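# Geometric and topological summary
So the chains spell out like this:
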Amino acid sequence: MVPLLHAVKAMVLLIGNYPPDRQQSMQRFALMMLNGLTAAGIPAELIQPQPFFGRFQFAGRFVAKWLAYIDKFILFPRRLRSRLKSAPALVHICDHSNAMYARQIQDVPVISTCHDLLAVRGALGEPTDCPASFTGKRLQRWIVSGLEAATVVSCVSRATLADARRLVMVRNGKPRFELISLGLNYPYRELAPLEARARLARHSILASDKPFVLHVGSNLDRKNRAGVLRIFARCQDQWNGSLVFAGEPLSDALRSLARQLGVLERVVEVADATSELLEALYNCATALLFPSTYEGFGWPIAEAQACGCPVICTDREPMTEVAGDAALLHDLEDEAGFAADLLRLTNPAEREPWRTKGLENAKRFSSAHMIGRYCELYRSLAPV
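Fair warning: this is a prediction, and the values are worked out from it, not measured in the lab.

### Re the nonpolar core
- Among the nonpolar cores identified, the biggest contains 65 residues, and L37, L214, L281, Y282 and Y378 are the most heavily contacted of them.
- Here the element with the most residues in this core is helix α14 (residues 367-381); it accounts for seven residues.
- Among residues more than four places away in sequence, those in contact with L37 are V12, L14, I42, A44, I371, C375 and Y378.

### What about the sheet that holds strand β5 (residues 152-155)?
- An order of β2-β1-β3-β4-β5-β6 is seen for the six strands of this open sheet, with the pairing classed as parallel. On the outer flanks of this sheet lie β2 (44-47) and β6 (176-179), each paired with one strand and no other. Neighbouring strand axes in the sheet, compared pairwise and without regard to direction, differ in orientation by 20° on average.
- Sheet analysis places strand β4 (residues 110-114) next to β5, joined by four bridges and oriented parallel. Across the sheet, I111 pairs through a bridge with V152, a residue of β5.
- Its contacts with the sheet place helix α5 (residues 158-167) against β4, β5 and β6, and it is angled at close to 170° to β6.
- Sitting on the sheet, α14 touches β1 (12-15), β3 (90-93), β4, β5 and β6, and the angle it makes with β6 is about 160°.

### Describing the pairing of β3
- Of the two faces of β3, the one lined by L90 and H92 and the one lined by V91 and I93 are each fully buried.
- As defined by bridge partners, β1 adjoins β3 across four bridges and the pair is classed as parallel. The partner of I15 across the bridge, within β3, is I93.
- Sheet analysis places β3 next to β4, joined by three bridges and oriented parallel. Bridge pairing links V91 to V110 in β4.

Rules and cut-offs
- Positions within a chain are numbered from 1, following the residues in the order the chain's sequence is written.
- Local features are withheld for residues below a pLDDT of 70 in this predicted model, meaning they are given only at 70 or higher, and side-chain atom pairs are given and counted only at 80 or more; totals for whole chains, interfaces and linings count all residues.
- With hydrogens and water set aside, each side-chain value is computed from the structure's full complement of heavy atoms.
- By nonpolar core we mean a set of buried residues, namely Ala, Val, Leu, Ile, Met, Phe, Trp, Tyr and Cys, connected to one another through side-chain atoms within 4.5 Å.
- Relative accessibility under 20% of the residue-type maximum defines a buried residue, over 50% an exposed one, and the middle range a partly exposed one, all with a 1.4 Å probe and only protein chains included.
- Only runs of H or I of at least four residues qualify as helices and only runs of E of at least two qualify as strands under DSSP, and these elements are numbered from the N terminus.
- Only heavy atoms matter for contacts: two residues are in contact if any of them lie within 4.5 Å across the pair.
- Two strands qualify as a pair provided that DSSP identifies no fewer than 2 bridges between them.
- Each axis is a line fitted through C-alpha atoms, and for a helix only the stretch in contact is used; angles between axes span 0 to 180 degrees, taken between their N-to-C directions.

In structure tokens:
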């Protein structure tokens, strides 16, 4: 590990996400920071808004949402102010969607990691597949205002950095923008084939050796699961594989589309997969199919490559930044091209060079390197 944060005498206070929001990738990032700093011998504490009023779901989703706002924007700030009395060296807001807390933090540096500004752009009317309601637009303006109050906005990709520089106003030298790429939040690796298949069999998922293509993500429009279904449907007469969706269960609309395309019986849904199960899925998949329209980073690309799984993804940033020269790239509209490459990868000889390239590219996404970069940033901000 790189020598870290010897200049900082007090702890780093990490702010995480509200658990009922189930923002799993953001929760993983916060824990990744906490565990990485702790392993490096750096005092760190993770605090997050806790559900009190938001526990009452009986009133319906609309009322529950506003009750959750009380937890996040009235109760938690009081707890945060109390915690700041212990004078941490700095505060690191792990997800930019909580950047509004920066305006309540005085006298210590504040870092906010910015994973994407797609919702902000959507609230401004830009095409990001992230439309915003009236209250959503106000929330996104509040988030930008919080980013403007931060000492440093750390962006996870070049695409996010470009958006931040364009949309976040700098006053008196604040905020400063940094680019710190994400590391893998789990030590994904190649497994022995028997071990990988055994993990799947323990979960009664694809216990046979039947081949499958994998998609990892949610039902958000920008994840383009409808496109995944259409691409897979183009291959159904030439390949007897399955389509595995890991992540959020398919919506009724997506299941209906799968039925219309004649592929519903070949679709497998894996909800809330553990990292160990996801690692096995990557290892056994013919390819990761990732035709997203917009991303802040694209973690599944690096995860798949670390497991030796070839990747077929969209030819736009930040997917190209993460994939490097180790993925098969296509224009979003070229679903025939996506399908042709999927069929190509059913040939082991075609898969091998992409497996090798992916393994090499994935080395760029070391969690230790990411933690080291953050600690260099901390050291530049914290008092000696």
